[in-house]
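# A structural walkthrough
The lines below spell out each chain.
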Amino acid sequence: TVFPQDSSGILNKPKITHFSRSDFKADPQFWTMTEDNDGIKYFGNNDGALIFDGEKWHRVSLPNHSSVRSLSTSPSGQIFAGGYNELGVIEKDSAGNYYFRSLIESLKLDDQKLENLWQAHQFKDRVIFRSFNELIVISDNTASHITSNQSFTHSDIVQNTLLVQDSGQGIFSFDPENM
């Protein structure tokens with residue numbers, strides 16, 4: 001490992017802070033992370049969402065107590081979270097307490113079996129959640145579904161294009177404006 005040196009030749013080691021399970025008081029398995037517009041860090045964990053504000057840790061549970069598998073920050077700073085059969089936003093009340101607000105009912109997803117929502121992307125003014133079975137495209141308080149042929153195993157944004165891998169089928173680009 002090479003560390004930067006200052007002009008006097010003194011070694012400058014990078015500042016690394018180690019947080020143990022006793023610091024964040026949750027399961028040690030993490031799935032995802034994002035940062036809001038104020039620099040607050042959000043982590044998807046088996047015990048919900050863990051939030052580090054620079055001083056202390058906060059935990060937010062989903063209503064069904066599932067793991068948080070996907071997180072995404074909108075350009076306005078809103079934090080979207082997805083878990084098993086649950087999706088919504090993490091917000092802060094007037095007293096500074098973090099909480100999860102489910103979007104299941106408002107998006108009319110009550111009767112859906114969403115399964116694990118493994119990834120979330122902000123793309124062209126939409127939030128797109130990926131499960132193995134489908135993409136859930138959220139725009140203007142409505143949810144649209146794009147079903148996989150076999151299994152959506154990965155998705156990512158590359159050069160302003162959303163790419164989705166459908167197992168055994170190949171890689172597809174998705175244009176939410178034309179669905």
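Our structure's up above, just so we're on the same page.
This is a predicted model, so every value here is computed, not measured.

### Quick look at the overall build of the chain
From N to C terminus, the chain includes one helix and 15 strands. Overall size of the chain, expressed as C-alpha extent along the three principal axes, is 60 × 40 × 30 Å. In the chain, buried positions account for 41% of the 179 residues. Considering only contacts in the chain between residues 6 or more positions apart, those separated by 24 or more positions represent 35%.

### Points about the sheet that holds strand β9 (residues 119-123)
As summarised here, the arrangement of the four strands in space is β9-β10-β11-β12, forming an open sheet in which the pairing is antiparallel. Looking at strand neighbours, the two that pair on one side only are β9 and β12 (142-147), the edges of this open sheet. Between one strand axis and the next, the sheet turns by 20° as a mean value, whatever way the strands run. As defined by bridge partners, β9 adjoins strand β10 (residues 126-130) across five bridges and the pair is classed as antiparallel.

### Quick look at the environment of Q29
Along the chain, the position of Q29 falls in the loop between α1 (21-24) and β1 (30-35). The partly exposed category is assigned to Q29, whose relative accessible area is 37%. Considering only alpha carbons, one finds Q29 and P14, 15 residues apart in sequence, at a separation of 25 Å. The contacts of Q29, once residues within four sequence positions are left out, are G44, N45 and N46. Among the polar contacts made by the side chain of Q29, one reaches the side chain of N46 at a distance of 2.9 Å.

### Re the packing of aromatic side chains
Going through the model one piece at a time under the given rule, you end up with ten aromatic pairs. Ring centres of F19 and W57 lie 5.3 Å apart, and the angle between their planes is 80°; this geometry places the pair in the edge-to-face category. With F19 in the segment before α1 and W57 in strand β4 (residues 57-60), this residue pair connects regions lying 38 residues apart in the sequence. By relative accessible area, W57 is classed as buried at 18%. A cation over an aromatic ring shows up here: R69 above the ring of W31, its NZ or CZ 4.0 Å from the ring centre.

What counts and what doesn't
- Residues numbered from 1 in each chain as written.
- Predicted model: local features only at pLDDT ≥ 70, side-chain atom pairs only at ≥ 80, totals over all residues.
- Heavy atoms only, no water.
- Helix = DSSP H or I, 4+ residues; strand = E, 2+ residues; numbered from the N terminus.
- Buried < 20%, exposed > 50% of the residue type's maximum accessible area, 1.4 Å probe, protein only.
- Contact = heavy atoms within 4.5 Å.
- Pairing = 2+ DSSP bridges.
- Axes fitted to C-alpha atoms, helices over the stretch in contact; angles between N-to-C directions.
- Polar contact = N/O pair within 3.5 Å; in protein donor to acceptor, adjacent residues only side chain to side chain.
- Phe/Tyr/Trp six-rings, centres within 6.5 Å; stacked < 30°, edge-to-face > 60°.
- Lys NZ or Arg CZ within 6 Å of the ring centre and 35° of its normal.

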